[in-house]
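Survey of secondary and tertiary structure
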Amino acid sequence: MSNASPARPKKFTVPRFIAAKQKQQKITMLTAYDYLSAKLLDEAGLDCLLVGDTLGMVVQGKSTTLPVTVDQMIYHGEMVVRAVQRAMVIVDMPFMSFHVSPAQALENAGRILKETGADAVKLEGGVNQAKTIEAIAAADIPVMAHLGLKPQSVRALGGMGKIQRDEDQLIADALAAERAGAFGILLEMITAPIAKHITDTVTVPTIGIGSGADCDGQVLVTPDMLGMNAEFHPRFLKKYADLASDITTAVQSYASEVREGAFPDESHSHT
């Protein structure tokens, strides 16, 4: 009998990510913020895990992503990286971590990769951040661009959830990001026809969220798709579970058994 360990899953790398578009293979991505959930997502076979600055909202309970810091992204990113064997891990660059100058952005991107062990970073912007993307990519740090609805621009946009329809600007942003060296582009809340136009125009893969089925891959916020926030139900979100209800039922059952003296019973006690 062989005592050999199971083969380690083949790592999903940046070159594999880029090649997926050429092979017309859809890319799967979800967000992750901690060790245990990242381990489960990785074992389920996802291609990519995004440590999103959405943690400011879904983990910290804040109203926007703006307060999230580089240190917080590194803290969560390191946990996620430690959990995975196969998935490519991308870490968001939070608000004001890349806006001052390309040099500032490069320093923070380097910190994130060095201290988390992640595979890539992601930042919001196209034309306006082309020089920054170029500086990061030139240092051989894989960088993904984020276009359309940009949560870090929530103040300028006047709120979250606004569908983006300026096709000329979106195409210009996508081309600028690609020319600057972005290996992929996340498209958020863009009408499906425009997202398809972008996807057909650029040679790098696009990842959609609320941007239709023609993107090269899709991403959702994991607590949202698992139904952990019963009040959140935008049109683009499909809930694949109802964990809010399941967790509430489980906790109520536990509390009831404790109050009634039914737990712990003999089978859950040491003699």
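In the nomenclature of an unreviewed UniProt entry, the chain is known as 3-methyl-2-oxobutanoate hydroxymethyltransferase of Gimesia chilikensis. Under the UniProt heading Subunit (unreviewed entry), the entry covering the chain gives this text: "Homodecamer; pentamer of dimers."

**Here we look at the UniProt feature "active site" (unreviewed entry) in the chain**
UniProt records the feature "active site" (unreviewed entry) for E188 in the present numbering. If you trace the backbone, E188 turns up in strand β6 (residues 184–188). Using a relative accessible area of 12% as the deciding quantity, one classes E188 as buried. Those residues in contact with E188 that sit more than four places away from it in its chain are H146, L147, G148, L149, P151, Q164, I209 and S211. Polar side-chain contacts of E188 include one of 2.9 Å to the side chain of H146.

**What to know about the pairing of strand β4 (residues 120–124)**
With five of five residues buried, β4 lies mostly within the body of the structure. Burial along β4 is two-sided: the residues A120, K122 and E124 and V121 and L123 are all buried. Note: strand β3 (residues 88–92) against β4, three bridges, orientation parallel. Its bridge partner lying in β4, V91 is registered against V121. In this fold, the crossover linking β3 to β4 by way of helix α5 (residues 102–116) has right-handed handedness. For β4 and strand β5 (residues 143–148), the ladder comprises four bridges, and the chain directions are parallel. Bridged to L123 within β5 is A145. What joins β4 to β5 is helix α6 (residues 130–138), and the crossover it makes is right-handed.

Each value, and the rule that gives it
What you see as residue numbers is a count from 1 along each chain, following the sequence as written. In keeping with the model being predicted, local features are shown solely for residues with a pLDDT of at least 70 and side-chain atom pairs are shown and tallied solely at 80 or more, while totals for entire chains, interfaces and linings include all residues. Calculation of side-chain values draws on the structure's entire complement of heavy atoms; hydrogens and water are dropped beforehand. UniProt positions are given in the numbering used here, feature names are shortened, and annotations may be inferred rather than shown by experiment. Helix and strand definitions here come from DSSP, where helices need a minimum of 4 consecutive H or I residues and strands a minimum of 2 consecutive E residues; each element is numbered from the N-terminal end. Think of it in three bands: residues with accessible area under 20% of the maximum for their type are buried, residues over 50% are exposed, and the middle band is partly exposed, with areas taken using a 1.4 Å probe on protein chains only. Whether two residues are in contact is decided by their heavy atoms: any pair within 4.5 Å suffices. Pairs of N or O atoms within 3.5 Å make up the polar contacts considered here, provided that, within protein, one atom can donate a hydrogen while the other can accept it, and that residues adjacent in sequence are counted only when both atoms are side-chain atoms. Between any two strands, pairing holds if DSSP finds at least two bridges. A crossover counts as right-handed when, viewed with the strands pointing away from the observer, the path leading from the first strand over the helix to the second turns clockwise.

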